[in-house]
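Chain by chain, the residues run as shown.
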Amino acid sequence: MTQVLDRPVELKVPASPAARTARRKAFLEWVAVHSLGVAAALFFALPFVFVFLTSLMSDSQALSRDLIPHTWEWANYRKVFDTPGFLTWWKNTLIYAGLGTLLTVVSSVPVAYALAKFRFRGRNLTLMLVISMMMLPPQVVVIPMYLFWAKQLDLSGTLWPMIIPLAFGDAFSIFLLRQFLMTIPNEYVDAAKVDGCGDLRTLLRVILPMAKPGIAAIALFQFFNAWNDYFGPQIYASENPGAWTLSYGLESFKGAHHTDWNLTMAATVLVLAPVLLVFFFAQKAFVEGVTLTGVKG
Amino acid sequence: MAIHTLRAKRPPGLAAKQRRQALRTLAFLSPWLIGFAVFFAYPMISTVYFSFMHYDGFKPPTWAGTKNWTYVFEHYPFFWPALRNTLWLVLIMVTLRVLFGLGIGMLITKIKTGTGIFRTLFYLPYLAPPVAATMAFAFLLNPGTGPVNSMLEKIGIPAPGWFNDPNWSKPALTLMFLWGVGDLMVIFMAALLDVPKEQYEAAELDGASAWQRFRFVTLPNISPIIMFAVVTGVIAAMQCYTQPLVAGKVASGVIQGAGTMFEPGYPEHSTLTLPQLVYNLGFQRFDYGSACVVALVLFALSMAFTALLMRRRGGLIQAGD
């Protein structure tokens, strides 16, 4: 308190030349930082702007070098929706992302909880295996997996080979959630035990309510993984357009409309927009998830 | 001493209790354990097995010995270009991405006005679905009508061919990955804000210049995060699949449908990466044996980098207690 009161005496002294140069320097730094910021903002924002503007151009203008549409062709978006298959891709993506997210959360929570709060032999080994799986390119095991799903279970051309594995825990989700659960003090678990809660009840009644932000983060990441997945649908669904997802269909859309950049960009906007929309409602969970994997290791 | 007495007096129920605890641990871990066995251990063993077999998915597999291995390393024309491209991405793209991510992270900590808007703008591209981002960049960087080349020509800079020129296709990919640097920005920002303020004040009192403060205060404090960004970046570069594949397909103008052939790594193998070879060998040429050889090379490389991430001492991800 006293320190705060002591200070203004010094500050009231009329600005000396030295203080003035310091202020000028601070102002120049502010200008420099914000000019750089604006330049960076242009770099990050312009691709979105150009894609959106092109999506509203007429067919012929999209092939010209103009940057701004002469006439705003909102009908392009209707044309995209009228393209055969486009609505099916939406439906498939929502099934893959929705069901996949649900299964991931249900199967990953108990595993993450055990890795964060149980003490048992082989815990570090299990955690190391989880991290290794997280880092593993899906292409490493895709040949036997494809043969398994396609030849043994006859499920190629469906979404199931992509969804079913998520019922058995997802390495990234387990790791991220485990990092989150580590930040919850063990005392809560102990207190629940003293009150006579079993492990399952402790998890469901005590930990889960506190772990909501962590669960929101893994749900979001998993949702976007499915939304963004290209390799899975390419391997398992490519032969059946009825099982394509948006990410996979988008590229074939370009194939079918190979000169129509305007329609292709309209379709691109339609694949991008839901992601950005969800982000605006769930920024915190996202950013928290990214920091949890990177900083609080 | 105390422990011995305790052990001697272990109540008869304790063994049963321990067994119950082991069972409960197994129960909680079971989804992952089953998943690990079915979706990793079993296919991994099969991958090794198929790498020594001739198999096209139709006729029963026959013993090939090391023929698939010599085929991939000596005769398959794409293996070495793909490995070279992967190394290019690992060395150049990862370096640029980490430097740029650090720069943007530092910039955002210095911005005092409109921070939220800037941060959101810098972060958004990271969320763009890979296919959508690649389609967007294939359009933006399209040499004929793309807005980037239009602008470059207006200011008199000779416009490159980007995804259509083997010398520019990897820089074009890199540019796209720099655009999606938002994840690194977030972790660098968090790390930079964690650097103790007193250290900067002490350095300033000692008369340290801005560069010296960066070199001797900032860098040592955030070096674990830089290492984390490098190693995870390297792993991501090794897995790079969707973006180069889609960029190559769109630039080559191939009309894609089920089972269509396309030139891998258009133009001139310049965007070919190791994961694409698994697809090319397995699902375009139906040579599952050789595809498994490439899969094992990919496995060895990615596990080597993962080990860096988890070294017991100085590792970046600690198991902790």
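The rules behind these values
- Residues numbered from 1 in each chain as written.
- Chains lettered and ligands numbered in written order.
- Predicted model: local features only at pLDDT ≥ 70, side-chain atom pairs only at ≥ 80, totals over all residues.
- Heavy atoms only, no water.
- Helix = DSSP H or I, 4+ residues; strand = E, 2+ residues; numbered from the N terminus.
- Buried < 20%, exposed > 50% of the residue type's maximum accessible area, 1.4 Å probe, protein only.
- Contact = heavy atoms within 4.5 Å.
- Areas by Shrake-Rupley, 256 points an atom, 1.4 Å probe, with all protein chains shown as cover.
- Lys, Arg positive; Asp, Glu negative; His and termini not counted.
- Charge placed at Lys NZ, Arg CZ, Asp CG, Glu CD.
- Rg over C-alpha atoms; globule rule 2.2 N^0.38 Å.
- Phe/Tyr/Trp six-rings, centres within 6.5 Å; stacked < 30°, edge-to-face > 60°.
- Lys NZ or Arg CZ within 6 Å of the ring centre and 35° of its normal.
- pLDDT = per-residue confidence, 0-100.
- Patch = residues over 30% accessible without salt bridge, like charges linked within 9 Å, V, L, I, M, F, W, Y side chains within 5 Å.
- Salt bridge = Lys/Arg side-chain N within 4 Å of Asp/Glu carboxyl O.
- Polar contact = N/O pair within 3.5 Å; in protein donor to acceptor, adjacent residues only side chain to side chain.
- Buried area = accessible area lost by both parts, 1.4 Å probe.
- Core = buried A, V, L, I, M, F, W, Y, C linked by side-chain atoms within 4.5 Å.
- Expected span 1.5 Å × (residues − 1).
- Axes fitted to C-alpha atoms, helices over the stretch in contact; angles between N-to-C directions.
- Parallel < 35°, antiparallel > 145°, perpendicular 65-115°, else oblique.
- Left-handed = near helix turned anticlockwise from the far one by under 90°.
- Nonpolar A, V, L, I, M, F, W, Y, C, P; charged D, E, K, R; others polar.

J.: What should I look at first to understand the overall build of chain B in this one?
T.: Looking only at helices and strands, one finds 14 helices and two strands in chain B. For chain B, the proportion of its 321 residues judged to be buried stands at 51%. When contacts within chain B are restricted to residue pairs at least 6 apart in sequence, those whose partners lie at least 24 apart make up 65%. About 15100 Å² of surface is accessible on chain B, with carbon and sulfur atoms providing 66% of the total. Measuring between centres, the 24 positive side-chain charges of chain B sit 15 Å from its 14 negative side-chain charges.

J.: I would appreciate a short explanation of the overall build of chain A in the present structure.
T.: From N to C terminus, chain A includes 16 helices and zero strands. Relative to a compact globule of 297 residues, whose C-alpha radius of gyration would be 19 Å, chain A shows 26 Å and is clearly more extended. When its C-alpha atoms are laid out on the principal axes, chain A stretches across 80 × 70 × 30 Å. Out of the 297 residues belonging to chain A, those deemed buried represent 54%. Taking all contacts inside chain A whose residues are at least 6 apart in sequence as the whole, residues at least 24 apart take part in 71%.

J.: Can you walk me through the packing of aromatic side chains in this structure?
T.: Aromatic ring pairs are described here by two measures, namely the spacing of the ring centres and the angle between the planes. For the structure shown, the criterion picks out 51 aromatic pairs over all chains. Members of the aromatic cluster, joined through ring pairs, are F81(A), F86(A), W89(A), W90(A), F223(A), F224(A), W227(A), Y230(A), W244(A), Y248(A) and F253(A). The ring centre of F58(B) lies 4.3 Å from the NZ or CZ of K151(A), which sits over that ring. It is R24(B) that lies over the ring of F118(A); its NZ or CZ is 3.8 Å from the centre.

J.: I'm lost on the confidence of the model for chain B in this one. Help?
T.: Where the model shows low pLDDT, its predicted coordinates should not be examined in detail. Residues and elements named next belong to chain B. Of the residues in chain B, 90% have a pLDDT of 70 or more, and the chain-wide mean is 89. Across chain B, the secondary-structure element scoring lowest on mean pLDDT is helix 1 (residues 2-8), at 49, and the one scoring highest is helix 8 (residues 169-179), at 97. Here the predicted complex scores 0.89 on pTM and 0.88 on ipTM.

J.: Quick question: what am I supposed to make of a nonpolar patch on the surface here?
T.: All names here are of chain A. Together, I95, L99, L102, V106 and W160 line one region of the surface with nonpolar side chains, adding up to about 460 Å² of accessible area. No other element matches the four residues that helix 6 (residues 86-117) contributes to the nonpolar patch. Mapped onto the elements, L99 comes out in helix 6.

J.: So what exactly am I meant to see when it comes to the side chain of S108(A) here?
T.: All names here are of chain A. Here S108 lies in helix 6. Looking at S108, its side chain comes within polar contact range of the main-chain nitrogen of D170, at 3.2 Å. Not counting residues up to four positions away in its chain, the partners in contact with S108 are G169, D170, S173 and I174.

J.: Any chance you could explain the interface of chain A and chain B here in plain terms?
T.: Much of the literature gives interface size as the accessible area that the parts lose upon coming together. With 106 residues of chain A in contact, the opposing surface of chain B contributes 100 residues. Interface area, chain A with chain B, both sides summed: about 8900 Å², of which 76% is carbon and sulfur. Viewed at the interface, chain B and chain A are joined by two salt bridges. Across the contact surface, chain A and chain B share 10 residue pairs in polar contact (both at pLDDT 80 or more).

J.: Explain unusual backbone geometry to me, please; I cannot follow it from the model alone.
T.: As a rule of thumb, non-glycine residues mostly have phi less than zero, and peptide bonds are mostly trans rather than cis. All names here are of chain B. In this model, Y266 is joined to P267 through a cis peptide bond whose omega is -10°. The residue W162 is not glycine, and still its phi comes out positive at about 45°. Its location among the elements puts W162 in the loop between helix 7 (147-154) and helix 8. One non-glycine residue with positive phi stands out, namely E268, at about 50°. If you trace the backbone, E268 turns up in the loop between helix 12 (242-252) and helix 13 (274-284). According to the relative accessible area criterion, E268 is exposed, its value standing at 59%.

J.: Help me understand the pattern of salt bridges, please; the structure alone is not making it clear to me.
T.: Think of it this way: side chains of opposite charge can pair up when their charged atoms draw near. One pass over the full model with this rule turns up six salt bridges over all chains. A salt bridge links D56(B) to K59(B); its shortest N-O distance comes to 3.2 Å. Note on K59(B): relative accessible area 57%, which makes it exposed. Several salt bridges converge on common partners, so that one network encompasses K193(A), D199(A) and R24(B).

J.: Would you mind showing me how to read the nonpolar core here?
T.: The biggest cluster of nonpolar side chains holds 193 residues, and the ones touching the most others in it are I143(A), L181(A), F122(B) and L277(B). Looking at this core element by element, the count peaks at 17 residues for helix 16 (residues 261-294) of chain A. Once residues lying within four places of it in the same chain are set aside, the contact partners of L277(B) are Y76(B), F78(B), F79(B), A82(B), L272(B), G282(B) and V294(B).

J.: Would you mind going over helix 9 (residues 182-194) of chain B with me for this structure?
T.: Because an α-helix completes one turn every 3.6 residues, residues spaced three or four positions apart along the sequence face the same direction. With 13 residues, helix 9 of chain B should cover 18 Å at 1.5 Å per step; its first-to-last C-alpha distance of 19 Å lies within 8% of that length. Within helix 9 of chain B, 11 of the 13 residues are buried, which leaves the element mostly enclosed by the surrounding structure.

J.: In this structure, what is going on with the packing of helix 4 (residues 79-110) of chain B against helix 5 (residues 115-127) of chain B? I would like to understand it.
T.: Helix packing geometry: the angle between the two helix axes and the distance between the axes. All names here are of chain B. Running from N to C, helix 4 and helix 5 point in directions that differ by 165°, and their axes come no closer than 10 Å. As far as their axial angle goes, helix 5 and helix 4 are roughly antiparallel. Crossing hand, helix 4 versus helix 5: left-handed. Judged by residue contacts, I104, L107 and I108 of helix 4 engage T115, F118, R119 and F122 from helix 5.

J.: Explain the environment of N85(B) here, please?
T.: All names here are of chain B. Along the chain, N85 falls in helix 4. Classification of N85 as buried rests on a relative accessible area of 7%. For the pair N85 and A237, spaced 152 residues apart in sequence, the C-alpha to C-alpha distance is 10.0 Å. With residues up to four places along the chain from it excluded, the contact list for N85 reads K170, H269, S270, T271 and L272. Within the structure, the side chain of N85 is placed 2.9 Å from the side chain of K170, a separation counted as a polar contact.

J.: Could you clarify how one ought to interpret helix 13 (residues 212-228) of chain A in this entry?
T.: Taking 1.5 Å of rise per residue, the 17 residues of helix 13 of chain A would be expected to cover 24 Å, and the 24 Å separating its terminal C-alpha atoms lies within 8% of that figure. Of all the residues in helix 13 of chain A, the buried ones are G214(A), I215(A), A217(A), I218(A), L220(A), F221(A), Q222(A), F224(A), A226(A), W227(A) and N228(A).

J.: It is not clear to me how the packing of helix 10 (residues 171-182) of chain A against helix 16 of chain A should be interpreted in this structure. Could you clarify?
T.: Residue and element names in this part refer to chain A. In the contact formed by helix 10 and helix 16, the axes pass within 9 Å of each other and the chain directions differ by 85°. In terms of axis orientation, helix 10 runs roughly perpendicular to helix 16. In this structure, helix 10 uses F172, F175, L176, Q179 and F180 to contact helix 16, whose residues at the interface are E288, G289, L292 and T293. Its residues assigned to classes, the contact of helix 10 with helix 16 shows five nonpolar, three polar and one charged.

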